[in-house]
Structures are given as structure tokens and as C-alpha cells.
Amino acid sequence: LMSDISDERVTRRVCSRRVLQEAFGGENDTLWLSQVINDKHSAVFVPLVVRAVSRACAYERGGVLSTYVLALSKYREFMKANDFDFVSSLCELINIRPHVFAEALERFPELRRLCIAEVKHAIEDAIAPNKADAPNGSTAVTILVNSQEYMLPGNLLGAFIVIMSNWQKCETTEESEENNIVALLKQLVTGEKDSVLSTAMRNGKRAVSVGEWVLLATANSDIIAKQAALSVPDIFLPRLLLCCGMSKTSLVTMIERLSKLGESVSDPSKLYNELLSTSAVSEWGLQKGNRIAIKKRLHGRIASYLRIFSNAMTDGEQDELNTIERCAFVTWLASEVSTATVKKSDSTTRCFDEIMNSLNSSTPKSLDEESFIDLEDEEIDLSIDERMVIDTCASEGQTRRLADSILTEDFIKSTLTAGECDLLDKSLEQIKNDAFLRKIEVDTSALVTALMNSYASSNCDHSLARVVLKFVPQLSQFSCDDTLWQAIFISMAEKSTDEQYLLSLVSGCVTHWSEQGLTACKKWILTQNDLKNALSMRLVIRFLVASSEQESIDCFHSCDKVESNFVCVQSKENAEFAMKIVLQYLELEMTSDKLLLPTCNEERNNLPDWLILTFILAKSHQQCIVAMIMGTIDSNSSCAPTMYYVLLRLYLTFPTTLQWDDSKVRHYLIEASKCHAKTSLRLRCPLDSQIVEMLHNLGTSPHTRLLQYATDCSKNHSLIVIRHIPVLHERLMSDGLGQEYTTTGRVGTRPPAALAQIGDRVVKVSILRWGFSYNESIWSSVLDFMAALPAELLFTYGIDTGVLLVLEDYLKLFYAHVMELGSDECISQLRPKYVTLVKSFRACNSVEFQNWSQSNIAGFGTVQTLLLSKVGTFDS
């Protein structure tokens, strides 16, 4: 269940939560989390729950995510001995899924209060004086607080920025929550010069990227936005003016800061030009562009904001706008735009005052459309975010740039360097919408290739990986060809070592590609003879399994051959080729101490992809797959030990169709059962319930027909029958108690009744001694049944399944009659059969027989003593 809780598939997660709800109770499927701590097995459950729920947070959202995080916070005291760092895990989750957490923080006040309090306490602890255990590593951030240097974990700083940029005072805001926000502001943001946040450095570079400053400057709270505008480094001020959605307070604060900068120097024009120079713009994380275009963009954006704020202001507030118009920076910018030589009409170069006059008399609009449209043909691509605004506001006839010309590989790398993955996400979303909603045919092959190459060369950058996982499966369906397949299954596997991301990418492609695309890809795979990389083979195997429409491992138990659309089973040749991929993958991955077998928790669920594919192939082409497996064993390949396990599992999965009568198959199955005896006991077989019922009936009311059926079953399905020998042991022990109401078929005697004093009364008490009375037909039938089983299996494989317990049951019975009752008359029919069976044991497996004979049976003595005495009547 804990494995399913953190599974990638939402159906498994939902079903497992419902099962836990039924087990622990509660009104919904997450209340079980609060019940686990109170359970008597909590010491075992809680560590498993913490690991599974921590992984599940990477997939859940909304109310389930909130409940999981709150539950993990309550487990902290319980998990101190296990070194569970809740705050570190929380901050990492917020950094990995900022948009999901932003939505959850807005909807769930309790989660929001928890995150704010935890981040606040973590920062206070990090900047505490004389802190010994400062974080280190490439992600650690250095900050200056009162000229004193401190170290912060990189995830903690990122979580702080996400929380602050999304916080907003509302009806559910408590006073303590607001106080914590104010304290955070004072700790890291507040200050016009050298604020703590602006001093943050990571590996000699600014730790707070321009994208994160944009988030803070456009925060939901005016107070936070204003403080960010006051704290942002001077070089980023013009870039922040290009943002959409800023508050009036934040805009005014930044323009006033730029004006004060100009007033503090003798040559303001030189200072402003330096802020817009090529080297300065490179710090913005945007592609390079000419200075005139940047000034025009700033000019149009400020005009748009002034129009918006002008329409929302009363007459008494217009003075503030007039002040902004007369600021040094705005005046300089308007002059630069009006005097610059551009390749546009005179309307494009009108001065700032003329724009404002025309805007005041025009119909209110949300943005300065003309200014944006005029900028379309400039040789600059400042921001994908801004391109989105332009595309939204421009007329439908305006020419858009092609996806592959905007999003080049170099540009993707530049967004990574500047931490602008959100902008890359928005642009890809626009391209996807063009393809889906407007039904525009978009050639995305170059874009998909650029994304994957950038990911492979970025040392598996997690920010880009999220973008790749989100968009490559969706965009690649428009260009599903051999070039794409080569890139995903071969090129990416050779360049990247991030296996989990690539497996998730393949799973996403299966979800989004059309049926025709999936079929074409599978046919292409079946032509690839040059797969040399183990990761390539694993990706191929994952793709084949995910696209096979095999919903559950339990479906394999249905042995009816149904017509399948799965390419790999449509012909024997295809099945053999797919099985060769599995065998080659195992040979490459196999080492002396790694058999690639499922762990104890995965033997029923979460099977490895290669094993599932083997089952799928064997269901339709069992004979050739079994032949290939035995051929691998014969060749003494490095994966031969694993093939024994595979063969055993195939037999347990398809017991009625696998050729047990074939001597070679039977030999290998016997060897496999010896190698994996204990493992096989945990596996399921479709005949299990039928055989258990048969053995139970054999030990209850045996008759000739039932015994004959059991004997036939023991010959045809010996391996499966021997797995359930413990059923016979339980039945014999129960019969020996003599508690049955019927005396039919029972032999032996009972001790005489004893008198017992209970209060004022004297009552007769019947004392039952184990073995004094037993059902002879049951005990005799069990011996006949075991004698029919192959000795080479019964005394090898059966050693681990419980056959020794059954043999000891008979010794206990003989001891009761011979040593305690003083007569062997009642066991005269059983003892010869037992002696024959034990001699067969000694002849078949002398080593195990010797070990067993030296063992001790509690209360009876050693096995050897019992066998050589008149109890067992062995001569030697």
C-alpha cells in the first residue's frame, strides 16, 4: 500500500488511500494519516509512511498535498531517531513544485501558516550567532546580516521567495501569520541599500535570479512588492519595469529609485545608458537586443501602466501620476524615444507627453497596443513573457514568430542560466495552445530536439527537466518520426544518466501519442539491432510495457489468448526480437551481486518492466519464450541465475499451459525451485485456492476419489502442491487434539475423567492429551499423498515449505502411543508407510536428512533418538 501511495499512476494512489481509509476509518481517504501514530504497530508503520508520503508529495496537489504536508509535520517528533528533516524536505518540495504549492497555499490556510512559520524559524536558526552546523555544498547561499556572513540552504531561500510572492492578507489570515510575514520581511528584504536578499551569493554569482525578483516585485501583497522594489539591485530595476501585473506602489517605488540614482550623479544620461547597456541586459537573463528597442519597450510599458492607473484614480490622485511623468528617468526615456531614429512612421516616435495626452482622451484599454505592435519588427527578443503579452494584444493578422526560430537551443540555455524557466514554460504553453486550440499545424521537431539536447547538455537540470517532462510528450505527437525516436531512446540515453526522468518522459509520451504514432514507434523499435546502451534498452522496454495495454499483473492469470493489437506479440519473430532486447538488457546490467530480481515488497506489485514484458510475450508465445530462457541458461550467460527465477515465475503464472511433462523444462523448474524456494512461497498462482481447498478436504474427510484426485494433482503440479504443505501440518495438529464432535474413524483412547472442585461443586473434567486419539484415515491419506510426490522435489524444495514439520508430527503421534499409552497397536498401519517415506528422504537428500536427524523436537528429544527407538523402529 505504501508503494502504491507514492506511485506515478493516480489510480493506484487513489485506490490505496481508499483501502487505508477502510482499514483505519475516517470520513475521507486521508484521515488515516492521523490514526497511524496511535496504532500499536506505529513504530513499524510510521517510517514507511513518512518515506512513502514524502515521495507522494511529488505527485499530489490540492487537499491531498496539504494533508500530507501537515501529517509529515506531526511525525517529526516521532521520527527524530530516523533523522527525518521535515523543513528541508518541505523547502525542496516548494522549490520543485512552486506553482502547485502557490495554489495550495492560497486555498488551505493551515498549510500556509505552517509553511510560513517553518521557513521563518529555519531562517532564524540559520542566522543565529555562533551556529556550528552551517550548510555547505554547491547549493548553499551566502548572505550578509549586519556585516556578518551567514550560510543558508539554497532550497530555503527558494521556498522563502515562493511563499512571499504568493502571500496575501485575507479573511482567514491570523495575526500570528501576519507577524511572521513581517518578521521575514525584516530579516531578508527590507532596506533600500544592501538588503540581505540583494547580498545573497551562490558560487560567486547572485543567488536571487532576476526571475525571482520579478516574482517578489509582482507579489500579491503591496507591502511585499514595495519592499522588493526597494531591495532589488539597481541593475535589475529597468528589467522589473517590463513586468506585467505590478502594483502602483511597486511601479512608483522603482521609478523613484531610478530618478534618485540619476540625481546622485553628474551625468544621469550616462548612468541610464549603462543600465541599458549590453552587459547590463545580459544580467537580466534575456537575449541580447539593441538599446533603442529596449528603450521603446520600457516607454510603451510605462505608458500602459500609467493609462491603467489613470483610469482607476480619482481626480485628487492625479497629482501622483503627474509626478511620475516629471521624474528624471521618465523624462529622459521619453526624450530618448522621441529623438531616436527608427524605421517606423512618425506615430511610433511621438514623445511621452503626446502619448499621455492622447491616452487621457481615448477609450480606456488595458495595454498600449500600438506601442507593442510597433515593436514587432525590431531585432530583439527581450522576454518570452513579453512576447506572450504582445501576441495576446496584437491583432489576429499580426505575423507570429515560428516556434523553432524563437526557442532555439541557445535561447533555452540562456533561460537556464538566468533561472527563467517559467518564461520558457509560458512560451511552450502558447505553442501548444496554437497547435491544439487553433488547430494550426506546427512543426515542433526542431523545438523538441532543442529541448532534449539542452536537457542532456545541462547536467540534468531539474528545472529544465520539469519543462521537458511537461511539453516534450505533448509537442512531439506532431512530429512523431524516427528522428524523434532516435533522440529519445538512443541519443538521450547516451548523454544523460538521470534514469528516472527519462523513464517518466517515455511514460508521458505513451500517454500523449496517438495510436498510429505508438504503433509506428514499436515497429521502429523492432528494427533496431544496434541498441548497445543498457539505459536505451530499459527505455525501450518501459515504452513497450506502457503501450501494451496490460493493466495489471493479475491479468496474466487468464490464459485465454485474446487477439491483441500489441505489435510485439503479433508474430513469433516480433516476440523473439523483443525477448532478445530483454536478455541483452539483463546481460548488460547483471553483476555478480546483482540479479535484478524484485525485492520482497515488489514480488507481487511494481514488477520490473523487463519481467512484465516477458510475461506479456509468454502469454501469446509461451513455447518460444521458454525455449529462449532455457537457451540462456544452457549458455551459462551472466543472467542465467535470473532466468531460473523467470522460468519459475512463468510456471506459477501459467501452470496449466507450461509443459511440465517436458523433461528438460521439468529439470530446470526443479533447479529453479531449489534456488528460489523461499521467494516462491510469497508468489501467487491461479491454482493456489483450488489446491488449498483440496488439501484441506483431504485432511477432513478423505475418501478414495478425493485421494486419487490429489494424487493426480501432485503429479501434474508438484511444485505448486508442495508450496502448500503447511496446510497438512495445521490439519494434523488440529486432528491430534481430538476435539472433533464425531468419533467416526478415530482410534486411540482418552485419559479417564478427573474430578475438579469448583466452588461448592465437584465436576468431572475430560482431559485431552494431544495424539491419544486421532483420525487414522486422515493421517494415512496424508502419507499416501506425500509418497506420490516426486522425492527430488519433496525433500529439496519441500524442506523450505514445511515438510519436516509434517514428518515430526508423526513422530509426536508415535511417541504418544508408544511411550505414554504403552501400545503401538493403534499406529501399526501408519508406521510402515512413515518408515518408507523417511528412508526415501535419506536416500534422496542425505545432507538435509543428517541435519534434520540431529535437530531437537521440544519436549520429545532429538529426531535421531526417536527414529532409532521403538518409536520409529529404524534399525540404523
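Quick note: structure is the one above.
What counts and what doesn't
Residues numbered from 1 in each chain as written. Predicted model: local features only at pLDDT ≥ 70, side-chain atom pairs only at ≥ 80, totals over all residues. Heavy atoms only, no water. Helix = DSSP H or I, 4+ residues; strand = E, 2+ residues; numbered from the N terminus. Buried < 20%, exposed > 50% of the residue type's maximum accessible area, 1.4 Å probe, protein only. Areas by Shrake-Rupley, 256 points an atom, 1.4 Å probe, with all protein chains shown as cover. Salt bridge = Lys/Arg side-chain N within 4 Å of Asp/Glu carboxyl O. Contact = heavy atoms within 4.5 Å. Axes fitted to C-alpha atoms, helices over the stretch in contact; angles between N-to-C directions. Parallel < 35°, antiparallel > 145°, perpendicular 65-115°, else oblique. Nonpolar A, V, L, I, M, F, W, Y, C, P; charged D, E, K, R; others polar. Polar contact = N/O pair within 3.5 Å; in protein donor to acceptor, adjacent residues only side chain to side chain. Pairing = 2+ DSSP bridges. Core = buried A, V, L, I, M, F, W, Y, C linked by side-chain atoms within 4.5 Å. Expected span 1.5 Å × (residues − 1). Bend = angle between axes of the 7 residues up to and from the residue. Phe/Tyr/Trp six-rings, centres within 6.5 Å; stacked < 30°, edge-to-face > 60°. Left-handed = near helix turned anticlockwise from the far one by under 90°.

Asker: With reference to specific residues and values, describe the overall build of the chain.
Answerer: Of the regular secondary structure elements, the chain holds 48 helices and ten strands. Burial analysis of the chain (876 residues in total) assigns 52% to the buried set. Total accessible area on the chain is roughly 40,700 Å²; 49% of this is exposed by carbon and sulfur atoms.

Asker: Let's hear about the pattern of salt bridges: which residues, and what values?
Answerer: According to the stated counting rule, one finds twelve salt bridges in the structure shown. The partner of Arg542 in a salt bridge is Asp609, with the nearest N and O atoms 2.6 Å apart. Here Arg542, found in helix 31 (residues 534-546), pairs with Asp609, found in helix 33 (residues 609-620); they are 67 residues apart in sequence, far enough to count as distant. Given the relative accessible area of 12%, Asp609 is considered buried. For Glu820, the salt bridge is made with Arg769, and the minimal N-O distance between the two is 2.9 Å. Placement of the pair is Glu820 in helix 45 (residues 803-820) and Arg769 in the loop between strand 7 (761-765) and strand 8 (773-775), with a sequence separation of 51 residues. Taking relative accessible area as the criterion, Glu820 reaches 37% and is therefore assigned partly exposed. Salt bridges here are not isolated pairs; linked through shared partners, they connect Arg13, Arg17 and Glu60.

Asker: So what's going on with the side chain of Glu118? Residues and values would help.
Answerer: Tracing the backbone shows Glu118 in helix 8 (residues 109-126). Given the relative accessible area of 10%, Glu118 is considered buried. With near-sequence residues (within four places) excluded, Glu118 lies in contact with Arg76, Phe86, Val87 and Leu90.

Asker: Describe the packing of helix 7 (residues 98-107) against helix 8, listing the residues and the values that go with them.
Answerer: Where helix 7 meets helix 8, the closest approach of the two axes is 5 Å, and the angle between their N-to-C directions is 115°. Here helix 7 lies roughly perpendicular to helix 8, going by the angle between them. Residues Ala104, Leu105, Glu106 and Arg107 of helix 7 form the contact with helix 8, whose own contacting residues are Pro109, Leu111, Arg112 and Cys115. Looking at the contact of helix 7 with helix 8 residue by residue, the classes come out as five nonpolar, no polar and three charged.

Asker: Give me the lowdown on the side chain of Glu60, citing residues and values where you can.
Answerer: Relative to the helices and strands, Glu60 is located in the loop between helix 4 (42-56) and helix 5 (62-74). A polar contact of 2.8 Å, which involves the side chain of Glu60, links it to the side chain of Arg13. Apart from residues lying up to four places away in sequence, Glu60 is in contact with Arg13, Arg17, Leu65, Tyr68, Arg97 and Val100.

Asker: Help me get a handle on the pairing of strand 7, residues and values and all.
Answerer: Of all five residues in strand 7, zero are buried, a share of ten percent or less. With five bridges connecting them, strand 6 (residues 754-758) and strand 7 associate as antiparallel partners. Bridge pairing in strand 7 places Gln757 opposite Val762. Between the antiparallel neighbours strand 6 and strand 7 lie two residues, among them Gly759 with a positive phi of about 65°.

Asker: Would you mind going over the nonpolar core in detail, with residue names and values included?
Answerer: By size, the foremost hydrophobic cluster in this structure holds 148 residues, and its most contacted members are Phe489, Phe543, Phe785, Tyr834 and Trp852. The contact partners of Phe489, leaving out residues within four places of it in the chain, are Val506, Cys521, Trp524, Ile525, Ser536, Leu539, Val540 and Phe543. Within the second largest apolar cluster, 106 residues are counted, among which are Cys91, Cys115, Ala207 and Ile224.

Asker: Any details on helix 27 (residues 462-475)? Residues and values, ideally.
Answerer: The end-to-end C-alpha separation of helix 27 is 20 Å, in line with the 20 Å expected for 14 residues at 1.5 Å each. Most pronounced at Val468, the bend in helix 27 amounts to some 30°.

Asker: Provide a residue-level description of the environment of Ser231, including the pertinent values.
Answerer: Residue position: Ser231 is located in helix 12 (residues 222-231). Ser231 sits 23 residues away from Met254 along the chain, and the two C-alpha atoms are 9.8 Å apart.

Asker: I'd love a proper account of the pairing of strand 1 (residues 141-145), names of residues and values included.
Answerer: Side chains Val141, Ile143 and Val145 of strand 1 all project onto a buried face; the interleaved residues Thr142 and Leu144 project onto a face where none is buried. Pairing of strand 1 with strand 2 (residues 148-152), which is carried by five bridges, proceeds in the antiparallel orientation. By the bridge assignment, Thr142 is partnered in strand 2 with Met151. With antiparallel pairing between neighbouring strands as the criterion, strand 1 and strand 2 make up a hairpin whose turn holds two residues, including Asn146 at a positive phi of roughly 55°.

Asker: Summarise the packing of aromatic side chains; cite the residues concerned and give the values.
Answerer: A full pass over the atoms with the stated rule returns 16 aromatic pairs. Ring centres of Trp770 and Trp779 lie 6.2 Å apart, and the angle between their planes is 65°; this geometry places the pair in the edge-to-face category. For the residue pair Trp770 and Trp779, the accessibility class agrees, reading buried in each case. Here the aromatic cluster, defined as three or more aromatic residues joined through ring pairs, consists of Trp770, Tyr774, Trp779, Tyr810, Phe814 and Tyr834.

Asker: Explain the packing of helix 33 against helix 35 (residues 640-653) to me, using residue names and the numbers behind them.
Answerer: For the pair helix 33 and helix 35, interaxial distance at closest approach is 11 Å and the crossing angle is 50°. Here helix 35 runs oblique to helix 33, going by the angle between their axes. In this structure, helix 33 meets helix 35 at a crossing whose hand is right-handed. For the pair helix 33 and helix 35, contact is made by Trp610, Leu611, Thr614, Phe615 and Ala618 and by Thr642, Tyr645, Val646, Arg649, Leu650 and Thr653, respectively. In the contact of helix 33 with helix 35, the residues fall into seven nonpolar, three polar and one charged.

Asker: Break down the environment of Leu805 for me, citing the residues and quoting the values.
Answerer: Assignment of secondary structure puts Leu805 in helix 45. Separated by 80 residues in sequence, Leu805 and Ile725 place their C-alpha atoms 9.2 Å apart.

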